[in-house]
Amino acid sequence: MESMPINTINQKIEPSLRAALEQTPPESGQSGALWEIIVLYSGTPELLTLSFPNYAITFLLGNYAIFRLPKSAIAEVAASPSVIYIERPRRLVYEVLAGKRSSCITPLQENTASPLTGKGVLISVIDSGIDYMHPDFIDENGNTRILALWDQSIPANPSAGLFPPAGYRLGTLFEEERINAAIHADSATERYEQCSSIDSSGHGTHVAGIAAGNGRASLGRFRGVAWEASLLIIKLAAPEPYGFPSTTQLMQAVDFSIRFAAAENLPLSINLSFGNTYGSHSGSSLLETYLDFVSGLGQTAIVVGSGNEGDNGGHAGGHLAPAETRKLEFSIGDYEPSLSIQIWKNYWDEVRFQLLSPSGDTPFILPEEPGSYRFQMENTNLFVYTGTPSPYSIYQEIYLDFLPRNTYINAGIWTLTLTAQTVTDGIYDLWMPAFALRGSNTQFLTPTPEITLTIPSTAAKVITVGAYDAYTNTPASFSGRGFTWNTNQVKPDLVAPGVDITSCAAGGGYETRSGTSMATPFVSGSCALLMQWGIVEKRDSFLYGEKLKAYLIRGAKRLPFAQNYPNPQTGWGALCLKNSLPTL
């Protein structure tokens, strides 16, 4: 066993990043020369730039920044008095007619005296891009409804007049004029030269169609919620080594959205239909605190899906009584290249954790002394980091990384035995990575469906949306559930239709998908309608942020399968926009 005590590690660095710093490049998955980190700092951007002139820094709102720097320089940054805390980026996974009717939206759209269409409001869809040629995103004059499209995956090309947005180092910004030139191009080659952004997965196109498609390709049948809203589209990059978009790309996208809306003087509804499972699920990560901060800037609503982790076995938790022993079994499927498990508990509770491999031959007790440790178990290298509370969290994390000695980690049934020694609360919770990042046979054998919200849907000030089946008024088993861990904040705030939702397909026409990704745009589009009613039409210039959330909660309707409200599955109820509309 190799170990490194906590006092040799800078405590400004969050546990999984500390773990990655001590692993080899193949183990950490970080093969590039430069690392990306999220930094919370004090002072001014100018002073931080003077302190670190050799590193690329992207400054975000609210004293948050993203550094690109060599691995060897992270300790130097952490040692700076102006740096408060550092986190590693996380991988993100992507999580109309019947839905609008069940959400009480159609009566407001069809009100002949004063229809609500989203006109005068900006919806930012941060996702996998968009098919800008789809008729539902083109107005009656043949021009785009997209004010700007930032494709983070396309390198800038100054010779072609293509640059990232000012202040950012990532991707290419296609402005409205250029998108219109692509729409009216005479050939596919000319169109690609004008705007080369595509939505290869179709996820972002589908989401944008629910929130704001105008239904032109279906003669209005599959019209979205805020069908006359303006659109800001941000296609998240998926840089190596992640293979998925990361939280740093997301933070820059949100930052740009708020700055863009302010410059255009438009109320803003941001749609985030993805998340990850790493963190305490209590709202304390830098991504979550960043979203809480920027949600109070301008006339803004940030709407986040609760994720699709409700029924896939990635979470287990409970309470230990004094002196109680409990066994948690989890399976690791064949051909699993790696796995991480987070154990979260209150720091003042003393719990012994013992891990048993599938062979049953090599049990050992996880070290209680804070620090980093490495073990070998059969064909698996196990890296253990026993953490301490941070300046922003009273909780303790024990982080386990299962890494292959050859190609794959040991498959089979592993057993973790928990023994309460001295406990007050006895709360414990364990999370695996999101289902999209692990094999279908890798899961806890007795999972806990509660607290399966993905992050950042656990941020306090965002509007968190779960899913239900509006055709049958039944639960959507995949929908991530609450409440938040240990803080017991009501999440999701409400649910919306998320099963068999028909919306725009990349390449034209329509397709049907399910997920909280589909429920979220019903609410972000509804926020745009409320903002039109209040801000654009000057009935209530303060109808945004927490006030807008309160109105949505007030109008939420009860569903037959839930008896008590609020509850972890549906929050305060199902979206019913007509009931949420203020009567002043």
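Computed from a prediction, not measured in an experiment: that's the story for all the values here.

Details of the nonpolar core
Stage number 1. I123, Y132, I463, V523 and L552 are the most contacted members of the largest nonpolar core, which totals 59 residues.
Stage number 2. For this core, the leading source of residues is helix α12 (residues 516-536), giving eleven residues.
Stage number 3. I234, A253, L268 and A459 belong to the second-largest nonpolar core, a separate cluster that totals 40 residues.

A closer look at empty space enclosed by the protein
Stage number 1. The calculated volume of the largest cavity comes to roughly 350 Å³.
Stage number 2. In this structure, the largest cavity is lined by 27 residues; those nearest its centre are E14, Y85, E87, S285 and W344.
Stage number 3. Listed by contribution, the elements that provide at least two residues to the lining of the largest cavity are α1 (15-21), β5 (83-87), α11 (286-294) and β21 (395-404).
Stage number 4. The volume enclosed by the second largest cavity comes to roughly 60 Å³.

What about unusual backbone geometry?
Stage number 1. For the bond running from I455 to P456, omega is 25 degrees, close enough to zero to count as cis.
Stage number 2. Among the structural elements, P456 can be located in the loop between β24 (443-444) and β25 (463-469).
Stage number 3. Between G482 and F483 the backbone carries a cis peptide bond, its omega angle lying at -5 degrees.
Stage number 4. Topologically, F483 is positioned in the loop between β26 (474-475) and β27 (494-497).
Stage number 5. The phi torsion at N63 lies on the positive side, around 65 degrees, for a residue other than glycine.
Stage number 6. Here the phi dihedral of N488 falls at roughly 55 degrees; this positive angle occurs in a residue that is not glycine.

With respect to the sheet that holds strand β15 (residues 325-332)
Stage number 1. In spatial order, the strands read β18-β17-β22-β15-β24; together these five strands make up an open sheet with antiparallel pairing. The open sheet has two edge strands with one neighbour each: β18 (364-365) and β24.
Stage number 2. Relative to β18, strand β17 (residues 350-356) runs antiparallel, the two being bridged by two bridges. Residue pairing for β18: Q354 is matched across the bridge by I365.

So, the sheet that holds β5
Stage number 1. The strand order β3-β4-β2-β5 describes an open sheet built from four strands, whose pairing is antiparallel. Edge strands, defined here as strands with exactly one partner in the open sheet, are β3 (56-60) and β5. In this sheet, adjacent strand axes meet at a mean angle of 30 degrees when their direction is disregarded.
Stage number 2. Taken together, the seven bridges between strand β2 (residues 34-41) and strand β4 (residues 64-70) define a ladder with antiparallel strand orientation. Its bridge partner being in β4, V39 is matched across the sheet by A65.
Stage number 3. Strands β2, β3 and β4 of the sheet are contacted by helix α10 (residues 247-264), whose axis makes an angle of about 50 degrees with β3.

Calculation criteria
- Within any chain, residue numbers begin from 1 and follow the written order of that chain's sequence.
- Per-residue local features of the predicted model are confined to residues with pLDDT of at least 70, and side-chain atom pairs are confined, for both listing and counting, to 80 or more; whole-chain, interface and lining totals are unaffected and use all residues.
- Calculated side-chain values reflect all of the structure's heavy atoms, with hydrogen atoms and water omitted.
- Here, nonpolar core means buried Ala, Val, Leu, Ile, Met, Phe, Trp, Tyr and Cys residues that are tied together by side-chain atoms lying within 4.5 Å of each other.
- Summary of the burial criterion: residues with accessible area below 20% of their type's maximum are buried, those above 50% are exposed, and those between are partly exposed, where the area comes from a 1.4 Å probe applied to protein chains only.
- Secondary structure elements are taken from DSSP: a helix is a run of H or I of four residues or more, a strand is a run of E of two residues or more, and numbering for both begins at the N terminus.
- Put simply, the grid is 1 Å and covers the protein atoms alone, a cavity is a trapped set of points that fit a 1.4 Å probe, a pocket is an open set with protein on both sides within 12 Å along at least five of seven lines, and lining residues have an atom within 4 Å of a point.
- Grid points are joined across faces, edges and corners, and a volume is the space filled by probe spheres set on the points.
- By this definition, two strands are paired if DSSP reports at least two bridges between them.
- For every element, the axis is a line fit to its C-alpha atoms; helices are fit only across the contacting stretch, and the angle between N-to-C directions ranges from 0 to 180 degrees.
- We call two residues contacting when some pair of their heavy atoms lies within 4.5 Å.

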